[in-house]
Amino acid sequence: MSSPFDTHPDRIRIPLSQKVVHGLELDRELRDDTIIPDRTLLVSDGEAALKGDERLISMGEMIVERDGGSLRTFAGNLAHENGWWPSLKRRRLQHWEGETQRQALMALECDFSVEWAQSEPCLLRFPIGDEWFEWYADIHVSRFDAPEELWEIKKDERQLEDPRYRLKLAGAREICRRIGWRFRLVMADEIAINRHHRDNVELFASRRFVTIGPEHMRRFEDFALRNGTETTYGELANIIEPTCPARGAAIIQGLTIRRRIDIELHDFLTNRTPLRIH
């Protein structure tokens, strides 16, 4: 099947046969209690048959940008919500389509376990039976000491009613299994757990480029050396910036994005909210 990507000079076509992993327990997420459950099994229609289909790998391919950026870009010129968002962790623009994808990018920017996240990272092209499918991943998530993840983001389960669409997602999941990655189907209510979580993510992500002076880092690190790594939001804000605790809180928010602070963002934040210094 021909595609505009076949001759595009800025894109790389990677045969999936080069990425397949042999000899690993690729179904470990089905039994590992440390893996967070998700709705991935909603796409399992026909998945048993796909596990024996070698054409997925022998004929399939992954297409990526040479520079690792977004394969699809958006500039606000569509009828629905879209645009771009600069990430500190990834050090590049993240293009998004739909408010749910934007919220996911911000939540991942604030997530201590995430090294970086890349939106619109790749296109998978693969055959199932006599038909070819193309699947654009919404986000590629790289976590520390965990398998790579490719996300498909949806508002709710009603967007999965088309059997052919679920078959395509099942093919993408099977490809991820064979290359040692994790396919995740993520719904909007898993990204913003509640109103407090949504508001906190918006606030902390907005501080990702806050200016942190050497005096702030000196106070921050001296406090950790003297008092240990466990403290509270209010106490650390006063230590970092004694004359303006609100400024100290903004620096805590920036340090969270930089993975120097681990703080739970699901609840309403107060001066007594615990955090950990890293």
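Residues numbered from 1 in each chain as written. Predicted model: local features only at pLDDT ≥ 70, side-chain atom pairs only at ≥ 80, totals over all residues. Heavy atoms only, no water.

1. Some thoughts on the pairing of strand β9 (residues 149-154)
Then step 1. Extensive coverage of β9 is indicated by the burial of six of its six residues.
Then step 2. Of the two faces of β9, the one holding Glu 149, Trp 151 and Ile 153 and the one holding Leu 150, Glu 152 and Lys 154 are both buried throughout.
Then step 3. Of the pairings in the sheet, the one linking strand β8 (residues 139-143) to β9 comprises three bridges and is antiparallel in character. Looking across to β9, one finds that Ile 139 is bridged to Trp 151.
Then step 4. Where β8 folds back on β9, the antiparallel hairpin that results is connected by five residues, among which Asp 145 adopts a positive phi of roughly 55°.
Then step 5. Here β9 pairs with strand β10 (residues 182-187) via six bridges, running parallel. Its bridge partner being in β10, Trp 151 is matched across the sheet by Arg 184.
Then step 6. Chirality of the crossover, the property in question, places the unit of β9, helix α4 (residues 163-178) and β10 among those that are right-handed. (Buried < 20%, exposed > 50% of the residue type's maximum accessible area, 1.4 Å probe, protein only. Helix = DSSP H or I, 4+ residues; strand = E, 2+ residues; numbered from the N terminus. Pairing = 2+ DSSP bridges. Right-handed = clockwise from strand over helix to strand, strands pointing away.)

2. Topic: the side chain of Thr 256
Then step 1. Structurally, Thr 256 can be placed in helix α9 (residues 245-257).
Then step 2. When neighbours within four sequence positions are excluded, Thr 256 is seen to be in contact with Cys 110, Phe 204, Ile 261 and Ile 263. (Contact = heavy atoms within 4.5 Å.)

3. Notes on α9
Then step 1. The end-to-end C-alpha distance of α9 is 19 Å, a good match for the 18 Å that 13 residues give at a rise of 1.5 Å each.
Then step 2. Among the 13 residues of α9, 10 are classified as buried, and the element is accordingly described as predominantly covered.
Then step 3. For α9, every residue scored as buried is listed here: Gly 248, Ala 249, Ala 250, Ile 251, Ile 252, Gln 253, Gly 254, Leu 255, Thr 256 and Ile 257.
Then step 4. For α9, the secondary structure elements touched by its buried residues are α3 (99-110), α6 (195-206), α7 (214-227), α8 (233-240), β12 (261-263) and β13 (274-277). (Expected span 1.5 Å × (residues − 1).)

4. Details of the packing of aromatic side chains
Then step 1. Counted by the stated rule, this structure contains three aromatic pairs.
Then step 2. Seen in terms of ring centroids, Phe 126 and Phe 133 are 6.1 Å apart; in terms of plane orientation they differ by 20°. Their pairing is stacked.
Then step 3. For Phe 126, a relative accessible area of 0% puts it in the buried group.
Then step 4. For Phe 133, a relative accessible area of 3% corresponds to the buried category.
Then step 5. A cation sits over an aromatic face here: Arg 208 above Trp 85, 4.1 Å from the ring centre. (Phe/Tyr/Trp six-rings, centres within 6.5 Å; stacked < 30°, edge-to-face > 60°. Lys NZ or Arg CZ within 6 Å of the ring centre and 35° of its normal.)

5. Looking at unusual backbone geometry
Then step 1. The backbone phi angle of Asp 145 is positive, close to 55°, even though this residue is not glycine.
Then step 2. By relative accessible area, which is 86% here, Asp 145 ends up exposed.
Then step 3. Backbone geometry places Arg 259, a non-glycine residue, at a positive phi of 65°.
Then step 4. Here Arg 259 is to be found in the loop between α9 and β12.

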